[in-house]
Amino acid sequence: MPTSPDHASDAGDEFLFDNWFDPIEAGLRERVRGFIETMIRTELDEALGRARYARSAATEGSEQRPAGHRHGSRTRTLTGSFGTTEIAVPRARLSTEEGATSEWKSTALRAYQRRTRAADALIALAYLAGTNTRRVRQALAALFGGAVSKDIVSRTWRKVKTDWDAWKQRSLAEEPIVRLILDGTVVRVRLDGKATSISLLVVLGVREDGQKVLLSVKSMGGESAEAWRAVLNDLVARGLRRPEFLLVDGGAGLDRALTELWDGVPIQRCTFHKHRNLLAHAPERLHEEIGADYTDMIYASAPEEIEEKRRKVIAKWRVRHRAVADSLEEAGDRLLTFTRLPPSQWKSARTTNAIERLHEEFRRRIKTQTVLPCADTAAMLFWAPMASGQIRMRRVDGWQTIAKPIAQALDLAA
């Protein structure tokens, strides 16, 4: 049997782990070093107002004082997702208004910085996933060229823990939040040496400009009214103002907590959660028909049309399968609160999908772990990808009118 070119090449190669040197990686890292050095030199050129070896304005006969002068360079070691490389960082003295000089400092490369933020985030996320410092160091040794010691992992972890504690306590008084999206998810953690199911209660806020922002993620024993009230009380204590619109999953505990705290604020029951509830009340052979009826109702183009179709769906399924009709009636008018808003906002105001997507990403990241180390680590692991910029949330649909008070929005809808 003839050997394919790929197989022939593989057969002649040495074993994968015998030699870590890769000319592609080596060439890439060399180019990275040149790119970083060029970026820093360009930053210094802008600060001095001239390129290297170029004459200053004062030398050309102008009375303007020179912005400063270069004086050599220093070698710095920088570790990033590209590996570890040595770079030459230029030095300079900048002139001050008092006639003295001060040492120039790069904004791209902070003083005493030895690792990029991406490298620190990678170390922290590996640790957060339940790996100890020794295993993190071993796992990242090849990528970082052995530059990650146990002490570096520990320091990075302490920095992340400090950031996490500060984030949980930060003031929300200046946050222009007009909408809240609230939902929870279940995760298994190790508690008292035993695998235990807990709930992560998550609150997203929507600012006046439509930008979504994570406000809170807390590990609690469940989704009772008391648990949700503890989350909401913490937000209020940190300065969160009364929202104008609430999106919820339909849990009884959350509904009660919100009514006790913000009675009168319009509440929208997640239409996606209700869809799943309807299917749970019926045999599988009816799922397609129920789904078609429900989708046709929810995605109708006008409030009056939606209401008319709801009456027909309830009447139909009261005869066909009463449990489905009862479940749809149970949601009441809160299932259609979104119809009181301008149609441009309906897509973002119908469901808690913004949080559901975060739940899915969280579960994807922990799917290889049956049990997380502890409850606080679970909450941090949910928060870390957004804090590090790995997950970025966009503005909601219909953000152009979301800044208007709810009363004005209702007038627009009318």
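In short, a report on the structure. The structure displayed is predicted, hence computed values, not measured ones.

How each quantity is defined
Residues numbered from 1 in each chain as written. Predicted model: local features only at pLDDT ≥ 70, side-chain atom pairs only at ≥ 80, totals over all residues. Heavy atoms only, no water. Helix = DSSP H or I, 4+ residues; strand = E, 2+ residues; numbered from the N terminus. Buried < 20%, exposed > 50% of the residue type's maximum accessible area, 1.4 Å probe, protein only. Contact = heavy atoms within 4.5 Å. Polar contact = N/O pair within 3.5 Å; in protein donor to acceptor, adjacent residues only side chain to side chain. Arc of directions from axis to C-beta. Salt bridge = Lys/Arg side-chain N within 4 Å of Asp/Glu carboxyl O. Core = buried A, V, L, I, M, F, W, Y, C linked by side-chain atoms within 4.5 Å. Pairing = 2+ DSSP bridges.

### Side note on the environment of R320
Structurally, the position occupied by R320 is in helix α11 (residues 303–320). Look at R320 and you get partly exposed, because its relative accessible area is 42%. Sequence separation between R320 and L286 is 34 residues, and the spatial gap between their C-alpha atoms is 9.8 Å. The residues contacting R320, other than those within four sequence positions of it, are L286 and E289. Reaching out from R320, the side chain makes a polar contact with the side chain of E289 at a distance of 2.9 Å.

### Considering helix α9 (residues 271–280)
Buried within α9 we find T271, H273, K274 and L278. Buried residues in α9, looked at end-on, bunch into an arc of 155°, giving them a common side. Residues of α9 that are buried in the fold lie against β4 (177–191), β8 (267–269), α10 (287–298), α12 (322–331) and α14 (353–366).

### Concerning the pattern of salt bridges
Throughout the structure, instances matching the rule amount to 27 salt bridges. Of the charged contacts in the structure, one is a salt bridge between E103 and R93, with a shortest N-O distance of 3.2 Å. With E103 in strand β3 (residues 101–103) and R93 in strand β2 (residues 83–95), the pair connects residues that are 10 residues apart, well separated along the chain. Take E103: its relative accessible area is 25%, and that puts it in the partly exposed class.

### Details of the nonpolar core
Grouped burial of nonpolar side chains is what soluble globular proteins tend to show. Core analysis: the biggest nonpolar cluster contains 57 residues, and V187, L214 and F382 have the highest contact counts within it. Top contributing element to this core by residue count: helix α15 (residues 375–387), with eight residues. When neighbours within four sequence positions are excluded, L214 is seen to be in contact with W167, R170, V202, V203, L204, F382, W383, M386 and M393. A227, L235, L240 and V265 belong to the second largest nonpolar core, which has 22 residues in total.

### So, the pairing of β4
Among the 15 residues that make up β4, 11 are buried, leaving the element largely enclosed by the rest of the structure. Hairpin connection between β4 and strand β5 (residues 194–207): a loop of two residues separates the two successive antiparallel strands, and D192 in this loop has a positive phi of roughly 55°. In this structure, β4 lies alongside strand β7 (residues 245–248), joined through three bridges in parallel fashion. The residue bridging L180 from the neighbouring strand is L246, located in β7.

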